[in-house]
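Summary of structural features
One letter stands for each residue in the lines below.
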Amino acid sequence: MSLVDDTTAHVPSYPAFWIALIAITVFAVQFVPYLLDPLGLSSFPGPVLAKFSNVWLPWIVSQNRWSVTVDQLHRKYGKTLIYCGAGTFVRLAPNHVSIAHPAALPAVYGHSSGTLKAPLYDVFGPFRARSIFSTRSRTEHARKRRIESPMFSPQSVRALEGTTRVHHSDLASQWDNLYSYVKQAENGGSREGMLGESAWKVEDGRVWFDCMPWFNYWSFDTIGDLAFGAPFGMLLAAKDTARVAKSVKAGLATFGTVSRTGEFAFETEEIPVTKLLNKRAELVAILGWLPKYWQSIVGTLAVFSGGSNASPKLAGLAVASVAKRLSNPQAREDMLNRLLDARDDNGEPMSPEELSAEAMTLIIAGADTVANTSCATTYYLARNQRVQAKLQAELDEALKAVDSEVALYDAVKYLPYLDAVVNEGLRLHATIGAGLPRVVPEGGITVLGHTFKEGTCVSVPIYYLHRDESIWGANATEFYPERWLDATGERKKAMLDAFTPFSVGPRACIGRNLALMQLHIVIATLFRRFNVVLESDYSLPVQDSFVRKPRWCAIGIKLRKL
Ligand code: HEM
């Protein structure tokens, strides 16, 4: 009798066996569908790896080249006329086609398209309950949209202006504080230092600092106040910080029994909100494109631990924001009221988890996007002194009778040059630059003469549409607000058809009116008060992960003579 179990003797242990097994598996999983082409996409051009593998797109995203690569591919294949559509259609994955044409916007995103959000959106929420942004169910989305739309109607947004003013004013005051270091330096004071977490230096009669964190402080405080009746306190502390629930589960459990003293009924901790948000954004933009079985493996890799750890902490922020607001029943009307009053078809209110999911969407979708757009617009204005001077002349004239450091929306809403500046910032930066992926419904859809089968993923790349020379002219990559004022007739129509910073259709941005108000007021307030220049003629460094976030933006400011 053998003392060893030799039943494994038939299993070859040499590497060739395993290599062969992996090769056969890869062939079966990737090449067979490629060869069979069940979605009929073989005629569309694209990178070879993208045609048979789901790894190409997440790889590009991980290299921080998402919008730019898609843009380059459309241009590349546009020059190779042998392909159908001459650059309009590019295959980004075995089942995904990017369609770079304004006419594709209504076909892919419009009310009658019938498309649904793609599985990418499954990775966005840390809660089991879906938010208005992350849900892929049409019925659930329609219910949430009905509840939340009135919060963002033009009238409701106008009513919020008063609450936002204090934060515009705090931002301007903090930049005044920074500028006061110039005078102090002239009187022998220090030439560099810190205001909160913001490093500054004095040179050439200006104070120099990175403005990106300041736009974050301002924007997050504003949304905190609008949504939950209190700012996070970032702007006054000049610090990327907020108090969050240490354990989401413990936080959620207190919602029904929350204390009325303003004290949290659970353990809390301080977190650097925007730093964690950026880490999480990097990770979800990669994970979202991977098949489900890869997501759980990749998410645990040490290299992504920052992003993985960020998710529960940001969920803790939503939980703490809701809990704090619930502890103050006397709070003025805010967005949370609307969510609290909402009832489903069975008369049931939102669960604590659903409330938190919506709160997190409001914080992230509302604050991050506005901060990034404001920063990018500031960059372009600082880089273009001609444009800045022209804007300031318009603001000086329009606001000469206004006795307030913060611009009133009524006074700046219809200023043509300011409006053109805001549009140009949204166009050129393309805060959400990627194509937003949608799944083709049963029966298929036809876009620009091509019928896509059920289950195909289609998207329209915003960054490309905003820079297409055939629409915007040879100077498409320049910051040139005049284009909005000079264009008329067919040309203006073509521009408006391609301009889609907030997307279109039933899943378009719900906060558009609020975003436009915020952008008009903050640009008018800061540029009327300060002349802003860049440290050098650098390109704006951007983290391109779903939202395009400036990584930093070093500027020098000087108080204008008002
Ligand atoms: C410059 C600022 C902003 C830009 C460029 C922007 C852009 C967008 C875009 C392109 C979408 C569609 C996303 C998709 O289909 O995946 C979207 C959706 C959304 N945005 Fe905004 N947004 C901005 C500001 C805001 C603000 C201020 C809020 C609210 C406080 C907000 C709340 C939302 C929500 C809740 C959705 C999901 C809507 C739905 O699915 O029904 N956004 N946004």
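Residues numbered from 1 in each chain as written. Predicted model: local features only at pLDDT ≥ 70, side-chain atom pairs only at ≥ 80, totals over all residues. Heavy atoms only, no water.

1. Describing the coordination of the iron atom of the ligand
In this structure the iron atom of the ligand is ligated by exactly one protein donor, C509 (SG), at 2.3 Å. Looking at where C509 falls in the secondary structure, it is placed in the loop between α22 (489–498) and α23 (512–529). (Donors = N, O, S within 2.8 Å, 3.2 Å for Na, K, Ca; no water. Helix = DSSP H or I, 4+ residues; strand = E, 2+ residues; numbered from the N terminus.)

2. Structural notes on the site of the ligand
Surveying the vicinity of the ligand reveals 31 residues, the closest of which are Y121, H141, R145, R438 and C509. Between the ligand and the protein, one listed contact pairs an oxygen atom with a side-chain N or O atom of Y121 at 2.5 Å. Side-chain polar atom of R145 to an oxygen atom of the ligand: 2.6 Å apart, as the coordinates give it. The biggest single contributor to the shell around the ligand is helix α15 (residues 352–383), with six residues. (Near = heavy atom within 4 Å. Polar contact = N/O pair within 3.5 Å; in protein donor to acceptor, adjacent residues only side chain to side chain.)

3. Quick look at helix α18 (residues 416–429)
In this model α18 runs 20 Å from its N-terminal to its C-terminal C-alpha over 14 residues, within 8% of the 20 Å that 1.5 Å per residue would give. Counting buried residues along α18, twelve of its 14 residues qualify, which places the element largely inside the surrounding structure. Directly beyond the C-terminal end of α18, a positive phi value near 50 degrees is found at A430. (Expected span 1.5 Å × (residues − 1). Buried < 20%, exposed > 50% of the residue type's maximum accessible area, 1.4 Å probe, protein only.)

4. Re the pattern of salt bridges
For the coordinates displayed, the defined rule picks out 30 salt bridges. Ionic pairing is found between D122 and R136, a salt bridge with its closest N-O pair at 3.0 Å. Placement of D122 in the loop between β3 (116–117) and α6 (138–148) and of R136 in the loop between β3 and α6 is noted, with a sequence separation of 14 residues between them. Judged by relative accessible area, D122 falls into the buried class, the value being 18%. One salt bridge in this structure joins E354 and R143, with 2.8 Å as the shortest N-O distance. A residue pair is termed long-range when its members are at least 10 positions apart, and E354 in helix α15 and R143 in helix α6 qualify at 211 residues. In this structure, a network of salt bridges that share partners links the residues D122, R130, R136 and K292. (Salt bridge = Lys/Arg side-chain N within 4 Å of Asp/Glu carboxyl O.)

5. A short note on the packing of helix α8 (residues 212–228) against α23
Running from N to C, α8 and α23 cross one another at 135 degrees; their axes reach a closest spacing of 13 Å. As the angle between them shows, α8 and α23 are arranged oblique. Between α8 and α23 lies a crossing whose hand is right-handed. Counted together, F215, W218, T222, I223 and L226 of α8 and L514, Q518, V522 and L526 of α23 form the full contact between these two elements. Residue composition of the contact of α8 with α23, grouped by class: seven nonpolar, two polar and no charged. (Axes fitted to C-alpha atoms, helices over the stretch in contact; angles between N-to-C directions. Parallel < 35°, antiparallel > 145°, perpendicular 65-115°, else oblique. Left-handed = near helix turned anticlockwise from the far one by under 90°. Contact = heavy atoms within 4.5 Å. Nonpolar A, V, L, I, M, F, W, Y, C, P; charged D, E, K, R; others polar.)

6. Here's the deal with the packing of aromatic side chains
Tallied over the full model, the rule gives 23 aromatic pairs. Measuring from centroid to centroid gives 5.6 Å for W472 and W484, while their planes differ by 55 degrees, and the two rings are tilted. Pair noted here: W472 is in helix α20 (residues 469–472) and W484 is in helix α21 (residues 482–486), with a separation of twelve residues, a long-range link. W472 sits in the buried class, given a relative accessible area of 1%. On the basis of relative accessibility, which here comes to 5%, the residue W484 falls in the buried class. The cationic tip of K117 hangs over the ring face of F133; the distance from NZ or CZ to the ring centre is 4.1 Å. The ring of W472 carries the charged tip of R427 above its face, separated from the ring centre by 5.1 Å. (Phe/Tyr/Trp six-rings, centres within 6.5 Å; stacked < 30°, edge-to-face > 60°. Lys NZ or Arg CZ within 6 Å of the ring centre and 35° of its normal.)

7. Quick look at the sheet that holds strand β16 (residues 554–559)
Sheets are built from strands that pair by backbone hydrogen bonding, the pairs being arranged parallel or antiparallel. Read across the open sheet, the five strands follow the order β4-β5-β6-β16-β13; overall the sheet is antiparallel. Taken across any chain shown, the strands that pair with only one partner, and hence form the sheet edges, are β4 (192–195) and β13 (530–534). With direction set aside, neighbouring strand axes in the sheet form an average angle of 30 degrees. Here four bridges tie β4 to strand β5 (residues 198–203), and the two strands are oriented antiparallel to one another. Among the inter-strand pairings, L195 is bridged to a residue of β5, identified as S198. Along the sheet face, α15 touches β13 and β16 and points at about 85 degrees away from the line of β13. (Pairing = 2+ DSSP bridges.)

8. A closer look at the nonpolar core
With 125 residues, the main nonpolar core has W175, F209, W214, F215 and I555 as its most contacted residues. Not counting the four nearest positions on each side in its chain, F209 is found in contact with W175, L178, S198, A199, W200, W214, C553, A554, I555 and I557. Grouped together as the second largest cluster of nonpolar side chains are 49 residues, F44, Y77, F89 and I445 included. (Core = buried A, V, L, I, M, F, W, Y, C linked by side-chain atoms within 4.5 Å.)

9. Comments concerning the environment of V284
Within the fold, V284 resides in helix α11 (residues 273–287). We classify V284 as buried; its relative accessible area is 8%. In this structure the C-alpha to C-alpha distance between V284 and F304, which are 20 residues apart in sequence, comes to 10.0 Å. Dropping the residues within four chain positions of it, V284 is found in contact with V123 and F124.

10. A closer look at the packing of helix α7 (residues 154–186) against α8
In contact at an axis separation of 10 Å, α7 and α8 are set at 155 degrees when each is read in the N-to-C sense. One way to sum up the angle between α7 and α8 is to call them roughly antiparallel. In this structure, the crossing between α7 and α8 has a hand that is right-handed. Counted together, L160, T163, T164, V166, H167, H168, L171, Q174, W175 and L178 of α7 and W214, F215, W218, D221, T222, D225 and L226 of α8 form the full contact between these two elements.

In short, geometric facts, not functional conclusions.
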